[in-house]
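The residues making up each chain are set out below.
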Amino acid sequence: MNFKIENVRIVDASQDTTGSVVISDGKISEIREFSVPFPTKILIPGAVDPHVHFRDPPDDLETAAEDFFSGSSAAAAGGVTTIFEMPNTNPPVFSAEILSQKHAIAAQKSIVRWGLFFGASGENLSEISKISSVPGVKLYANDTTGKLLVAQESAWRELFQLGKKIVVHAEGETFLRLAEIWKSENFPCALHLAHTARAIEVSKIRELKTKTSQISAEVAPHHLFFTESDVDGGWLRMKPELGIESDRDALWDGIFDGTIDFLASDHAPHPISKKNSKTPAFGVPGAQFSLPLILSEWLRRGWDLRRFVEFTSLRAAELFGISRGKISVGADADLALIDFENQKKISELQNFSRCGWTSYSNFKIPVVEKTWIGGVCVFQNQKIVAGDFRAGEEIFSEKSSG
Ligand SMILES: [Zn+2]
């Protein structure tokens, strides 16, 4: 099937131009550059969101507030075309067998491309060494949802020595300690810090980047828009908890100078009953609104849109070894069209996450008009139009799986 996306501003990391993009058989076949006066629609590569929790299979069937279909629908409605799902599902992804069970669920339900993280249990080194075709191995060095904590330094060392890409949940002092151990082992694996949240973490990453290219970091939208003074009951409780203003400023500075590599939503769609509680579940949903929220703020700051595409798709694609994040001839047509004429308050938009709530109700964003995956339109007119289409698993290059 052939079609054209006409009279738009076309932006990726290497171009910011206007014209039309021609799609043939799921791939970009031509980019026609011509002057479009005052373009109101921006076409960008679909976002890569390398950190979501779709909780499928769920911890508890009765309160299940998401699955791969609803979660991937939320992602598609937010211009996201690839997600990586975290291993703290039930049971945790500690073996090849559990990974393949989850693989079947994603293949059956996901309307965006996907990858599945493997989990480190502290006792599954032989399983980890056998595993391939995953974006990386998730190490929980601090407590979170599920029983995945690995706190022993000896276990960290053994894991590093396998040479696999490690995505680590390590907060503040724990991250500094873990980074020192990794450094003392002479950077034996790629190390990626999930949801960077504190100024001291940003400084440490900045310092490590002068010594090795093996370090990278992501940031979640809630740490960029809120601080601890916004916490009211359980709604804005998450791990890591919100920081103070100087933390938030350090995160934006880290984005600007490239210390922080990419955006990741850390989408955590807990049911309302578990958030509105004296012992709230940790995390907030974010897959649907992260991209337009950050885009809005990016433009308010007058930052270069080509860097925005690096931050929301290209850099993550490069780090995890998948071929995404470009609008170029021959690339898969994984695209998002955003309409600047149409700005809406988030509360006016349909929330496609089954959890049914968001922390950003009062924020105003440019509306995502359409999302395509391999040339298939999965979202338009504020509706999921994927039908029977299901997107496949991403293929990871050798580099990323170690
Ligand atoms: Zn997470």
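What counts as what
- Residues numbered from 1 in each chain as written.
- Predicted model: local features only at pLDDT ≥ 70, side-chain atom pairs only at ≥ 80, totals over all residues.
- Helix = DSSP H or I, 4+ residues; strand = E, 2+ residues; numbered from the N terminus.
- Rg over C-alpha atoms; globule rule 2.2 N^0.38 Å.
- Buried ≥ 20, exposed ≤ 12 C-beta atoms within 10 Å, placed from the backbone.
- Contact = placed C-beta atoms within 7 Å.
- Core = buried A, V, L, I, M, F, W, Y, C linked by C-beta atoms within 7 Å.
- Domains from an automatic or database assignment.
- Arc of directions from axis to C-beta.
- Pairing = 2+ DSSP bridges.
- Axes fitted to C-alpha atoms, helices over the stretch in contact; angles between N-to-C directions.
- Right-handed = clockwise from strand over helix to strand, strands pointing away.
- Parallel < 35°, antiparallel > 145°, perpendicular 65-115°, else oblique.
- Left-handed = near helix turned anticlockwise from the far one by under 90°.
- Nonpolar A, V, L, I, M, F, W, Y, C, P; charged D, E, K, R; others polar.

## Section: the overall build of the chain
Alright, step 1. Looking only at helices and strands, the chain features 12 helices and 17 strands.
Alright, step 2. Scaling as 2.2 N^0.38, a compact globule of 402 residues should have a C-alpha radius of gyration of about 21 Å, and the chain matches this with 20 Å.
Alright, step 3. Counting only C-alpha atoms and orienting by the principal axes, one finds that the chain spans roughly 60 × 45 × 40 Å.
Alright, step 4. Residues counted as buried form 50% of the 402 residues belonging to the chain.
Alright, step 5. For the chain, contacts bridging at least 24 residues in sequence account for 73% of all contacts bridging at least 6.

## Focus: the nonpolar core
A general feature of soluble globular proteins is that nonpolar side chains tend to end up buried together.
Alright, step 1. Among the nonpolar cores identified, the biggest contains 103 residues, and Leu-43, Val-112 and Val-168 are the most heavily contacted of them.
Alright, step 2. Of all the elements, helix α11 (residues 305-320) adds the most residues to this core, at eight residues.
Alright, step 3. Looking at which domains feed residues into this core, each of domain 1 (2-44 + 328-384) and domain 2 (46-325) gives three or more.
Alright, step 4. Excluding residues within four positions of it along the chain, Val-168 makes contact with Leu-139, Ala-141, Leu-178, Leu-191, His-192, Leu-193 and Ala-194.

## Describing the domain arrangement of the chain
Alright, step 1. For the chain, the domain assignment lists domain 1 (2-44 + 328-384) and domain 2 (46-325).
Alright, step 2. A C-alpha centroid distance of 24 Å is found between domain 1 and domain 2.
Alright, step 3. Taken together, the contact between domain 1 and domain 2 spans 30 residues of the former and 38 residues of the latter.
Alright, step 4. Within the residue set of the side of domain 1 that touches domain 2, elements represented by two or more residues are β1 (2-12), β14 (335-345), β15 (364-373) and β16 (376-380).
Alright, step 5. Ranked by the residues each element gives to the side of domain 1 that touches domain 2, the list is headed by β15, at five residues.

## Side note on helix α6 (residues 199-209)
Alright, step 1. Those residues of α6 that fall on the buried side of the exposure criterion are Glu-201, Val-202, Lys-204, Ile-205 and Leu-208. Within α6, the buried residues cover an arc of 165 degrees as seen down the axis, which keeps them to one side.

## Points about the sheet that holds β14
Alright, step 1. Pairing in this open sheet of eight strands is mixed, and the strands run β3-β2-β1-β4-β14-β15-β16-β17 from one edge to the other. On the outer flanks of this sheet lie β3 (27-33) and β17 (383-384), each paired with one strand and no other.
Alright, step 2. Of the strands in this sheet, β1, β2 (15-24) and β4 (41-45) touch α11, which is tilted by about 110 degrees from β1.

## Some remarks on the pairing of strand β10 (residues 166-169)
Alright, step 1. Residues Ile-166 and Val-168 point to one face of β10 and Val-167 and His-169 to the other, with burial holding for every one of them.
Alright, step 2. Bridge count for strand β9 (residues 137-140) against β10 is four bridges, and the pairing is parallel. What sits directly across from Lys-138, in β10, is Val-167.
Alright, step 3. For the crossover that starts at β9, traverses helix α4 (residues 153-161) and ends in the parallel β10, the hand is right-handed.
Alright, step 4. With helix α5 (residues 173-184) bridging β10 and its parallel neighbour strand β11 (residues 191-193), the resulting β-α-β unit is right-handed.

## Topic: the packing of α4 against α5
In a packed pair of helices, the relevant descriptors are the angle between the two axes and the axis-to-axis distance.
Alright, step 1. The geometry of α4 relative to α5 is characterised by a closest axis approach of 10 Å and an angle of 45 degrees between their N-to-C directions. Considered as vectors, α4 and α5 are oriented oblique to each other. Like other packed secondary-structure pairs, α4 and α5 cross with a definite hand, here right-handed. Along the contact surface, α4 presents Glu-153, Trp-156, Arg-157 and Phe-160, while α5 presents Leu-178, Ile-181 and Trp-182.
Alright, step 2. Among the residues making up the contact of α4 with α5, the classes are represented as five nonpolar, no polar and two charged.

## With respect to unusual backbone geometry
Alright, step 1. With an omega of 5 degrees, the peptide bond running from Asp-56 to Pro-57 counts as cis.
Alright, step 2. Note that Pro-57 resides in the loop between β5 (47-52) and α1 (68-77).
Alright, step 3. In the segment running from Asn-90 into Pro-91, the intervening peptide bond is cis, with an omega of 0 degrees.
Alright, step 4. Assignment of secondary structure puts Pro-91 in the loop between β6 (80-85) and α2 (96-109).
Alright, step 5. For Phe-187, which is not glycine, the phi dihedral falls at a positive 45 degrees.
Alright, step 6. Considering the arrangement of structural elements, one finds Phe-187 in the loop between α5 and β11.
Alright, step 7. Overall, the presence of 17 C-beta atoms within 10 Å leaves Phe-187 in the partly exposed class.
Alright, step 8. At Asn-381, a position not held by glycine, the phi torsion is positive, near 50 degrees.

## Concerning the sheet that holds β9
Alright, step 1. The strand order across the open sheet built from six strands is β8-β9-β10-β11-β12-β13, with neighbouring strands paired in parallel fashion. Every other strand in the sheet has two partners, leaving β8 (118-119) and β13 (262-263) as the edge strands with one partner each.

## Considering the pairing of β2
Alright, step 1. For β1 and β2, the ladder comprises nine bridges, and the chain directions are antiparallel. In the strand pairing of β2, Val-8 is matched with Gly-19.
Alright, step 2. Hairpin geometry of β1 and β2 is characterised by an intervening segment of two residues between the two adjacent antiparallel strands.
Alright, step 3. Of the pairings in the sheet, the one linking β2 to β3 comprises six bridges and is antiparallel in character. Residue pairing in the sheet places Val-21 in a bridge with Ile-31 of β3.
Alright, step 4. Here β2 hands over to β3 after two residues, with Asp-25 in that stretch at a positive phi of 50 degrees.

## What about the environment of Leu-305?
Alright, step 1. As for its position among the elements, Leu-305 is in helix α11.
Alright, step 2. Owing to 17 C-beta atoms within 10 Å, Leu-305 belongs among the partly exposed residues under this scheme.
Alright, step 3. Each C-alpha atom of the pair Leu-305 and Val-168 lies 29 Å from the other, and the pair is 137 residues apart in sequence.

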